[in-house]
Amino acid sequence: MKKILVTGSLGQIGSELVMHMRNIYGNDNVIATDIRRIEGMPAVESGPFEIVDVLDSKAMAEVAKKHNADTIIHLAALLSAVAEAKPVLAWEINMGGLFNALEVARELNCSFFTPSSIGAFGPSTPKVKTPQDTIQRPQTMYGVTKVSGELLCDYYFKRFGVDTRGVRFPGLISYETLPGGGTTDYAVDIYYEALKNGKYTSFIDKGTFMDMMYMPDALNAIVTLMEADPKKLIHRNAFNITAMSIEPEMVAAEIKKHIPSFEINYDVDPVRQGIANSWPDSIDDSAAREEWGFNAKYDLALMSKDMLEKLRVKLNIK
Ligand code: VAH
């Protein structure tokens, strides 16, 4: 990867991935793009930034050509809860944007990454240690776009030779950018609320296991996969990856080790609980480990310690 164009650069993953990649490849070699410019954001101020609406394929192609992009990291999409509230818009953005980005990659011979999700699985998928290759019949619009996206990316690889690669991300947890409208967002909100109010009301019920990952492991996974030897890739779109399978009570217990008075209670959101219930409890990521050396470094304890330390600084709480 030499010249990397990132869409959705101001979102939860993009805002950190742009900075992570600029540290590796150089500020001028990572072109951040998003549908709007937010002054002061590091991804806007520390290197090239362009306004790109992923539904405008001509504009995306022009920006990619202008910067001689050889890699496209396509992150622009709606997350699960928002997508369920706005299914038509979600299809337009998640599939229309993906198709446009793939066409740009095909025309300019770019390598291509876009994330899938554990949301690409559904109620008929085996829930424990979900295999890499298994039934994918999601019942959410988000999941439909993720399965469709996996199939479209594999098609572009087989039919046009585009070097497409992807991972099925679990819930991602970070202290930098708040997530926007995901089902797993409780696992981010809980740390903020623990510090600000000493308690948290979870919209996901106790005992609801989902795979999660700390953002540093997610960023490393993207770079490691994109730098992997293509000859060793049996799979491409998309690899199961995970770091931990957790539920709200486990997160609360870990927080209590740092804030003994912390309390959790529940006000379950039926929509997001229904989405969470349709997803795996835990996934098998052996294919990613074998084919490109994926290896998460943060477990729940390490992540919780780091999240609370970094958020105390960010929120200026002693
Ligand atoms: C969401 N954070 O909740 C995203 C992710 C596996 C969850 O896809 O929609």
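Computed from a predicted model, the values in this text were never measured in an experiment.

K.L.:
Just to check I follow, could you spell out the pattern of salt bridges for this structure?
P.N.:
Where charged atoms from two side chains of opposite charge come close, those side chains can pair. Applying the stated criterion across every chain, the model contains 14 salt bridges. Put simply, Asp285 and Arg289 hold a salt bridge, and the shortest N to O gap is 2.8 Å. We classify Arg289 as partly exposed; its relative accessible area is 38%. Salt-bridge contacts for Glu309 lead to Lys305; the nearest nitrogen and oxygen are separated by 2.7 Å. Within this pair, Glu309 and its partner Lys305 are both found in helix H12 (residues 300-314), separated by four residues, close to a single helical turn.

K.L.:
How should the packing of helix H7 (residues 186-197) against H12 be read in this particular structure?
P.N.:
The interhelical angle for the contact between H7 and H12, taken along N-to-C directions, is 50°, at an axis separation of 10 Å. Overall, the two elements H7 and H12 adopt an arrangement that is oblique. In the packing of H7 onto H12, the handedness of the crossing is right-handed. Where H7 approaches H12, its residues Tyr191, Tyr192 and Leu195 are matched on the opposing element by Leu300, Met303, Ser304, Met307, Leu308, Leu311, Arg312 and Lys314. Of the residues contributing to the contact of H7 with H12, the split by class is eight nonpolar, one polar and two charged.

K.L.:
How should the sheet that holds strand E8 (residues 167-169) be read in this particular structure?
P.N.:
Strand pairing within a sheet occurs via backbone hydrogen bonds; the two strands may be parallel or antiparallel. A sheet is described by the order of its strands in space; here three strands give the open sequence E6-E8-E12, paired in parallel fashion. The two strands at the open ends of the sheet, each matched to only one other strand, are strand E6 (116-117) and strand E12 (239-240). Where E8 and E12 come together, two bridges link them in parallel fashion. Looking at E12, one finds that Val167 is bridged to Phe239.

K.L.:
Can you help me understand the site of the ligand in this one?
P.N.:
In the vicinity of the ligand, the contacting residues are Leu79, Ser80, Ser117, Ile118, Tyr142, Phe169, Pro170, Gly171, Gly182, Thr183, Thr184 and Trp279. Here an oxygen atom of the ligand and a side-chain polar atom of Ser117 are 2.9 Å apart. Separating a nitrogen atom of the ligand from a side-chain N or O atom of Thr184 is a distance of 3.0 Å. For the ligand, whose unbound accessible area comes to 270 Å², protein coverage reaches 96%. Residue classes in the shell around the ligand are distributed as six nonpolar, six polar and no charged. Split by domain, the shell around the ligand shows at least three residues from each of two domains, domain 1 (4-170 + 215-222 + 231-240) and domain 2 (171-212 + 243-315).

K.L.:
Explain the sheet that holds strand E2 (residues 30-34) to me, please; I cannot follow it from the model alone.
P.N.:
Read from one edge to the other, the open sheet built from six strands follows the order E3-E2-E1-E4-E5-E7, with strand pairing classed as parallel. Only two strands of the sheet have a single neighbouring strand rather than two, namely strand E3 (49-51) and strand E7 (164-165). The pairing of strand E4 (residues 71-74) with strand E5 (residues 111-113) spans three bridges and is parallel. Across the sheet, the residue bridging to Ile72 is Phe112, located in E5. Those strands touched by helix H5 (residues 87-108) are E4, E5 and E7, and its axis lies near 175° from that of E4.

K.L.:
How do you make sense of H7 when you look at a structure like this?
P.N.:
Because each turn of an α-helix spans 3.6 residues, side chains separated by three or four positions in sequence point in the same direction. For H7, the set of buried residues is Tyr186, Ala187, Val188, Ile190, Tyr191, Tyr192, Ala194 and Leu195. Note on H7: the residue one or two positions beyond its end, Gly198, has a positive phi of about 75°.

K.L.:
Help me understand the side chain of Asp211 in this model?
P.N.:
Looking at where Asp211 falls in the secondary structure, it is placed in strand E11 (residues 210-214). Buried charge without a partner: Asp211 forms no salt bridge, and the closest opposite charge is Lys129, 6.8 Å away. A polar side-chain atom of Asp211 sits 2.6 Å from a polar atom in the side chain of Thr242. From its side chain, Asp211 meets the backbone nitrogen of Ile283 in a polar contact 3.0 Å long.

K.L.:
When you look at the nonpolar core in this model, what are you seeing that I'm missing?
P.N.:
Where a protein is soluble and globular, its nonpolar side chains tend to be buried together. Counting 40 residues, the largest nonpolar core has Ile173, Tyr186, Tyr191 and Phe262 as the members making the most contacts within it. Put simply, the parts of the chain that give this core at least two residues each are H5, H7, E11, strand E13 (244-246), helix H9 (248-256), helix H10 (270-277) and H12. No other element matches the eight residues that H7 contributes to this core. A domain-level breakdown of this core finds at least three residues from each of domain 1 (4-170 + 215-222 + 231-240) and domain 2 (171-212 + 243-315). Residues in contact with Ile173, not counting those within four places in the same chain, are Gln12, Ala187, Val188, Tyr191, Met212, Met213, Tyr214, Met215, Met303 and Met307.

Scoring rules and cut-offs
Position numbers for residues count from 1 along each chain, tracking the sequence in the order it is written. Per-residue local features of the predicted model are confined to residues with pLDDT of at least 70, and side-chain atom pairs are confined, for both listing and counting, to 80 or more; whole-chain, interface and lining totals are unaffected and use all residues. By convention in this description, side-chain values take in all heavy atoms of the structure and omit both hydrogens and water. When a carboxyl oxygen of Asp or Glu is within 4 Å of a side-chain nitrogen of Lys or Arg, the pair counts as a salt bridge. Relative accessibility under 20% of the residue-type maximum defines a buried residue, over 50% an exposed one, and the middle range a partly exposed one, all with a 1.4 Å probe and only protein chains included. A run of H or I in DSSP counts as a helix once it spans at least four residues, and a run of E counts as a strand once it spans at least two, with each numbered from the N terminus. The angle between two axes is taken between their N-to-C directions and runs from 0 to 180 degrees, where each axis is a line fitted to C-alpha atoms and a helix contributes only its stretch in contact. These descriptions rest on fixed angle ranges, namely under 35 degrees for roughly parallel, over 145 for roughly antiparallel, 65 to 115 for roughly perpendicular, and the rest for oblique. Each crossing is labelled by how the near helix is turned from the far one, with a counterclockwise turn of less than a right angle marking it left-handed and a clockwise turn marking it right-handed. Contact definition: two residues touch when any of their heavy atoms are within 4.5 Å. Note on residue categories: nonpolar means Ala, Val, Leu, Ile, Met, Phe, Trp, Tyr, Cys or Pro, charged means Asp, Glu, Lys or Arg, and polar means any other residue, Gly included. Here, a strand pair is defined by DSSP locating no fewer than two bridges between the strands. Neighbouring residues are identified by heavy atoms, a residue being near a molecule or strand if any of them is within 4 Å of it. Distance and chemistry together define a polar contact, namely a pair of N or O atoms within 3.5 Å, with one atom able to donate a hydrogen and the other to accept it when in protein, and with adjacent residues in sequence counting only for side-chain atoms on both sides. Exposure was quantified through the Shrake-Rupley algorithm and a 1.4 Å probe, taking into account, for residues, occlusion by the shown protein chains and nothing else. Note that the domain bounds were set by an automatic or database domain assignment. A positive count includes Lys and Arg, and a negative count includes Asp and Glu. His and the chain ends are not counted in either. Residues grouped as a nonpolar core are buried Ala, Val, Leu, Ile, Met, Phe, Trp, Tyr and Cys residues, joined through side-chain atoms within 4.5 Å.

Distances and angles like these do not, on their own, reveal function.
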